[in-house]
Each structure stands twice: as C-alpha cells, then as structure tokens.
Amino acid sequence: MKRIYYLVPNVKTAKIIVEGLLLARVEARRIHVLARPGTPLGDLPEASFLQKTDFVPGLEQGLAIGGLGGILAGILTVMLPTGMDLGGGTVLAIALAGALVGAWMSSMVGSSLSNRCIRQFQTAIERGELLTMIDVPRHQVDEIEQLVLKHYPTADCKGTEPTIPAFP
C-alpha cells in the first residue's frame, strides 16, 4: 500500500474528490481528510489518531530497538559468572521483555508527536487547506491520481509515502 497526499482548498472540493473515489470503489477506510481544528468536515472521513501521530512508527522503532537491547542484555546475563545455570530461554525472555518495553515507551512518545509525513503540510492546513490522504495498492497509484485529476483538474499530488502499515 502507498499513501497519496493531496492538498485541497476547501471542504467542497474534498467532498467532490472523496465522492469520486468512493464511486471508483476505493474503500472509505482508505481515505483520510485532515483539516485545521474546528473545521466542520461533515461526512468526510476524518483522519484518525493513527494518521495524525507518529504512534505506529514509534511502536515499530521501539520494538526493534528494545528487542535488540533485550537480546544484548540477555546474552550478557547468560555470560556473567553468577553461579546460576541460565540458558537460551533466559535470552529469549529478556529479549521479549526489552521489545515490549521499548515498543510501549516509544509508542507513547510517538503518540505525542504529529506525524512526520504530515509536518510538511502543517502551514497549508493552518491556512485552511485540507490534506486528503488516500491509501491505495501500489499498482493503482497512477489510476487514482488520474481519477483525482478528473474530479479536480488543478489538483497537485504532494507526494506519496513509500509504504504504510497494513494494520491501522
């Protein structure tokens, strides 16, 4: 999946684009609209907590770094001359604990930060423009871009995110 970003000038334009996407059988859960706080979006699919924050990237990074740190701590624990007979299960348990703690702590930090991919659009959003994000399979990116241009000819694709997680 790839995420395509479009800045649109107002709610009316966003509704036209979203209706066109829905008619083209793009699932509503794959369309996200982000606007300045207080902007009435009506029935537009508003961006959720997961799209607005760095929660998911933080979770992924914390899982990896915590797991790596846990593996190193587990190996050190097994190698220390404590007189206790510790095996591979100890390394696994400590690695798992490190991964869980790392994921938890990093996701909490990520949940307090705005999404790093959205930061570049923050000034436009504060001016009143709406950021429309569309999650599409890789092979449909060009098709969806053409569809958006059909409904809003002056639309300017502001880029695509290389990959997005499958679960949010």
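Residues numbered from 1 in each chain as written. Predicted model: local features only at pLDDT ≥ 70, side-chain atom pairs only at ≥ 80, totals over all residues. Heavy atoms only, no water.

Secondary structure assignment for the protein yields 6 helices and 4 strands. In summary, the protein has a C-alpha radius of gyration of 21 Å against a globular reference of 15 Å for 168 residues, an excess of more than 25%. Projected onto its principal axes, the C-alpha positions of the protein cover 75 × 35 × 25 Å. Here the protein holds 168 residues, and the buried ones make up 39% of them. For the protein, contacts bridging at least 24 residues in sequence account for 78% of all contacts bridging at least 6. As displayed, the protein has an accessible area near 9700 Å², and 63% of this comes from carbon and sulfur atoms. Averaging the locations of the 15 positively and 15 negatively charged side chains of the protein gives two centres separated by 4 Å. (Helix = DSSP H or I, 4+ residues; strand = E, 2+ residues; numbered from the N terminus. Rg over C-alpha atoms; globule rule 2.2 N^0.38 Å. Buried < 20%, exposed > 50% of the residue type's maximum accessible area, 1.4 Å probe, protein only. Contact = heavy atoms within 4.5 Å. Areas by Shrake-Rupley, 256 points an atom, 1.4 Å probe, with all protein chains shown as cover. Lys, Arg positive; Asp, Glu negative; His and termini not counted. Charge placed at Lys NZ, Arg CZ, Asp CG, Glu CD.)

Mapped onto the elements of the fold, His32 is located in strand S2 (residues 31–34). By relative accessible area, which is 5% here, His32 ends up buried. Spatially, the C-alpha atoms of His32 and Cys117 are 14 Å apart, while their sequence positions differ by 85 residues. A polar contact is formed between the side chain of His32 and the side chain of Asp135, at a distance of 2.8 Å. (Polar contact = N/O pair within 3.5 Å; in protein donor to acceptor, adjacent residues only side chain to side chain.)

Here the focus is the layout of surface pockets. What the second largest pocket holds in volume is close to 230 Å³. In the lining of the second largest pocket, the residues fall into 6 nonpolar, 5 polar and 4 charged. (1 Å grid on protein atoms, 1.4 Å probe; cavity = no way out; pocket = protein on both sides within 12 Å on 5 of 7 lines; lining within 4 Å. Points joined across faces, edges and corners; volume = space filled by probe spheres on them. Nonpolar A, V, L, I, M, F, W, Y, C, P; charged D, E, K, R; others polar.)

Here Arg25, not a glycine, exhibits a phi torsion of approximately 70°, which is positive. Tracing the backbone through its elements, the reader meets Arg25 in the loop between helix H1 (11–23) and S2.

So, on to the pattern of salt bridges. Overall, the coordinates contain 6 salt bridges when judged by the stated rule. Its salt-bridge partner being Arg29, residue Glu27 comes within 2.8 Å of it at the nearest N-O pair. Among the residues examined, Glu27 registers a relative accessible area of 41% and is labelled partly exposed. Here Glu129 ties to Arg127 by a salt bridge, and the two come within 2.7 Å at their closest N and O atoms. The class of Glu129 is partly exposed, set by a relative accessible area of 21%. For Arg127, a relative accessible area of 58% corresponds to the exposed category. Among the charged side chains, a salt-bridge network with shared partners connects Asp54, Arg116 and Arg119. (Salt bridge = Lys/Arg side-chain N within 4 Å of Asp/Glu carboxyl O.)

Moving on, we get to the packing of aromatic side chains. A full pass over the atoms with the stated rule returns 2 aromatic pairs. Taking 5.8 Å as the distance between ring centres and 55° as the angle between the ring planes, the aromatic pair formed by Phe49 and Phe55 counts as tilted. Assessed through its relative accessible area of 44%, Phe49 is described here as partly exposed. (Phe/Tyr/Trp six-rings, centres within 6.5 Å; stacked < 30°, edge-to-face > 60°.)

Let's shift gears to the nonpolar core. Of all hydrophobic cores here, the largest spans 23 residues; its most connected members are Leu21, Leu41, Leu44, Leu130, Ile134, Ile144 and Val148. Among the elements of the structure, strand S1 (2–8), H1, S2, strand S3 (130–136) and helix H6 (141–151) are those that each provide at least two residues to this core. If you tally residues by element for this core, the top one is H1, at 5 residues. Every residue in contact with Ile134, bar those within four places of it in the chain, is listed here: Lys2, Arg3, Ile4, Tyr6, Leu21, Val26, Arg30, Ile144 and Val148. In this structure, Tyr5, Leu34, Ala47 and Ala124 belong to the second largest nonpolar core, which totals 10 residues. (Core = buried A, V, L, I, M, F, W, Y, C linked by side-chain atoms within 4.5 Å.)

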